[in-house]
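What the coordinates show
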Amino acid sequence: MEGNTELVKRSYSFAVRAEEGAEGHIITGRPIVYESRADLYWYDEIIERGALDGADLTDVRFLVNHDINRIPLARARRDAANSTMQLLTDHDGMTIRVSLDTENNADARSLYSAVKRGDITGMSFMFKISDEEWEDLDTDHPTRRIKAISSVIEVSAVTFPAYKSTEINARDEGTADSTRSALERARRSRRAAENGDLELLKEKAKILGGIL
């Protein structure tokens, strides 16, 4: 299945750290993890290794809790020398390194303190899918494999991760609704394809009947 333009959010409850060094106050983490099976209640989901190959990472913001109404705390712009966030894709997914302006930005100071204290331990990212594959759609709990991500819009530090490594958190109702909608679309698409194949077989039978 290709060409999905839906904006999708996924969150993890691990891999965000606070560091202090010559560069100032730094947040590092891994917002995207390959080959990790996540139970999204309606189905399992796996982001396949290499899904970020070719993804558009030209302009990505760093936010808190996906709040687009607040000023971004950092920004990654490809080939921009003054980018305040660096993105690195590797064998296991994506890591980020964020330089926070804790001296001039109160929100940056609050976030750094919360991560350092362990009050915030989750990361999330918003992205678009360009290629996916479903397995076992006729079962109660199929598997969705994300094979290619077309673009990453933003990454966030989050108070309530949508799922902890492999389990969805029921507090994030928006994520639950989104996953259910994705499953319903996949099943409708498969039914449409099956009905199309059936009609094609009927037409072939008519033609063969005429020949005979």
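Residues numbered from 1 in each chain as written. Predicted model: local features only at pLDDT ≥ 70, side-chain atom pairs only at ≥ 80, totals over all residues. Heavy atoms only, no water.

**Re the overall build of the protein chain**
Broken down by element type, the protein chain carries 2 helices and 13 strands. Of all 212 residues assigned to the protein chain, the portion counted as buried reaches 40%. The long-range share in the protein chain, meaning contacts at least 24 apart out of those at least 6 apart in sequence, stands at 68%. When the accessible surface of the protein chain is summed, it comes to about 11,700 Å², and 48% of that surface belongs to carbon and sulfur atoms. (Helix = DSSP H or I, 4+ residues; strand = E, 2+ residues; numbered from the N terminus. Buried < 20%, exposed > 50% of the residue type's maximum accessible area, 1.4 Å probe, protein only. Contact = heavy atoms within 4.5 Å. Areas by Shrake-Rupley, 256 points an atom, 1.4 Å probe, with all protein chains shown as cover.)

**Brief notes about the pattern of salt bridges**
If you walk through the whole model with that rule in mind, you get 13 salt bridges. For Arg30, the salt bridge is made with Asp90, and the minimal N-O distance between the two is 3.0 Å. Placement of Arg30 in strand 3 (residues 24-33) and of Asp90 in strand 8 (residues 85-90) is noted, with a sequence separation of 60 residues between them. You can call Asp90 partly exposed: its relative accessible area is 28%. Ionic pairing is found between Arg70 and Asp107, a salt bridge with its closest N-O pair at 2.9 Å. Residue Arg70 is located in the loop between strand 6 (59-64) and strand 7 (74-77), and its partner Asp107 is located in helix 1 (residues 106-117); the two are separated by 37 residues in the primary sequence. One salt-bridge network, held together by shared partners, links Glu48, Glu135, Arg145 and Lys147. (Salt bridge = Lys/Arg side-chain N within 4 Å of Asp/Glu carboxyl O.)

**A word on the nonpolar core**
Grouped together as the largest cluster of nonpolar side chains are 35 residues, with contacts concentrated most on Phe62, Met85, Leu100, Ile149 and Val152. For this core, the secondary-structure elements that each account for two or more residues are strand 3, strand 6, strand 7, strand 9 (93-100), helix 1, strand 10 (122-135) and strand 11 (143-158). Of all hydrophobic cores here, the second largest spans 8 residues; its members include Ala38, Trp134, Leu137 and Ala186. (Core = buried A, V, L, I, M, F, W, Y, C linked by side-chain atoms within 4.5 Å.)

**A short note on the pairing of strand 11**
Summarising burial for strand 11: 13 of the 16 residues are buried, a large majority. Where strand 10 lies against strand 11, 13 bridges are found, and the strand directions are antiparallel. Along strand 11, the bridge assignment pairs Ser124 with Ser156. (Pairing = 2+ DSSP bridges.)

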